Amino acid sequence: MRKMFAAGMLLAGSLLANHAARANPGDLNRCVGADGRSVYTDQPCALVGATVRAEAPKTLDGSATAPTVRVHVHDCARTLEALRDGLQAALVAGDVNKVASFYHWPGIGNSEADGILKRMQALTTRPFVSVAFARGRDAADGDEGGGATTEKSGGASGIVIAQTHSASDPTPERTYLAVTAYMGCWWVHF
């Protein structure tokens, strides 16, 4: 049955193409076939096993409009402050996927990505203390005051995440993430 339908559609398509080359485009009907594909014919849609294709809705002024399609696009961190706040919210929630959404992934291979995700998982499981801007890499090397700031991001070279080792071990853990601007957004990377 499918082969007969496919052969019929192929024949109808070739006849239509041959006829369309000679016909006035205003004489064609736009139909929807059983498979959901558009079918153009000079015959009524029902004769080719299709239904009439619905027209686009009209606007208030009477012109046709295309159907509205809503696409959700992840909002990226447009400022360093938004990056810091987003990371903090993700860490407080313990959401490794949200942390990963702030990471600069271009150029990362599968094996490297696995390692990065493991590091992120460790970040989300440790008790959270704070997220602050860093002015230099030395902020991650245990210098309590050296470079980390909770103030505005001016001159920030990265972000320092302060945590404790575990709920039973209050040993401080600090993780430095470098920041980079890419495609109008701010991202972190190890």
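Refer to the preceding data block for the structure.
A quick note: this is a predicted structure, and the numbers were derived from the prediction, not measured.

**Re the overall build of the protein chain**
Across its full length, the protein chain holds four helices and eight strands. Along its sequence from the N terminus, the protein chain presents helices and strands in the succession α-β-β-β-α-α-α-β-β-β-β-β. Taking all 190 residues of the protein chain together, 30% fall into the buried category. Long-range pairs, those at least 24 residues apart, make up 44% of the contacts in the protein chain between residues at least 6 apart in sequence. A total accessible area of about 12,400 Å² is found for the protein chain, and carbon and sulfur atoms account for 56% of it.

**What to know about the pairing of strand β7 (residues 172–182)**
In this sheet, β7 lies alongside strand β6 (residues 158–164) in antiparallel orientation, the contact comprising seven bridges. From the neighbouring strand, G158 faces β7, where its bridge partner is A178. With five bridges joining them, β7 and strand β8 (residues 185–189) adopt antiparallel strand pairing. The partner of A181 across the bridge, within β8, is W186.

**Digging into the packing of aromatic side chains**
How two aromatic rings sit relative to each other is given by the distance of their centres and the angle of their planes. The final tally for this structure, using the stated rule, is two aromatic pairs. Note on Y103 and W105: the rings are 4.7 Å apart at their centroids and 55 degrees apart in plane angle, and the pair reads as tilted. A centroid spacing of 5.8 Å and a plane angle of 40 degrees characterise the contact between Y103 and F190, whose relative ring orientation is tilted. Highlighted residues: Y103 in the loop between α3 (96–100) and α4 (110–125) and F190 in the segment after β8, separated in sequence by 87 residues. Judged by its relative accessible area of 25%, F190 falls in the partly exposed class. In this structure, R119 is placed above the aromatic ring of F190, and the distance from its NZ or CZ to the ring centre is 3.8 Å.

**Some words on the side chain of T164**
The topology assignment puts T164 in strand β6. Classification of T164 as buried rests on a relative accessible area of 18%. Filtering out sequence-adjacent residues up to four positions away, T164 remains in contact with R126, P127, V129, D169, P170, T171, P172 and E173.

**Some details on the sheet that holds strand β1 (residues 29–32)**
One open sheet accounts for three strands, arranged β2-β1-β3; its pairing is antiparallel. Strand pairing shows two members of the sheet lacking a second neighbour, β2 (38–41) and β3 (51–52), which therefore form its edges.

**Quick look at unusual backbone geometry**
The backbone of M183 sits at a positive phi, close to 55 degrees, despite the residue not being glycine. Among the secondary structure elements, M183 is positioned in the loop between β7 and β8.

**Quick look at the state of the cysteines**
All told, the structure shown has one disulfide when counted by the stated rule. Two residues share a disulfide in this structure: C76 and C185, whose sulfurs sit 1.6 Å from each other. Judged by the torsion about the S-S bond (-45 degrees), the C76/C185 disulfide is left-handed. Taken together, the residues C76 in the loop between β3 and α2 (80–93) and C185 in strand β8 connect sequence positions 109 residues apart. Taken as a pair, C76 and C185 share a single burial class, namely buried.

Conventions and cut-offs
- Residues numbered from 1 in each chain as written.
- Predicted model: local features only at pLDDT ≥ 70, side-chain atom pairs only at ≥ 80, totals over all residues.
- Heavy atoms only, no water.
- Helix = DSSP H or I, 4+ residues; strand = E, 2+ residues; numbered from the N terminus.
- Buried < 20%, exposed > 50% of the residue type's maximum accessible area, 1.4 Å probe, protein only.
- Contact = heavy atoms within 4.5 Å.
- Areas by Shrake-Rupley, 256 points an atom, 1.4 Å probe, with all protein chains shown as cover.
- Pairing = 2+ DSSP bridges.
- Phe/Tyr/Trp six-rings, centres within 6.5 Å; stacked < 30°, edge-to-face > 60°.
- Lys NZ or Arg CZ within 6 Å of the ring centre and 35° of its normal.
- Disulfide = S-S within 2.5 Å.

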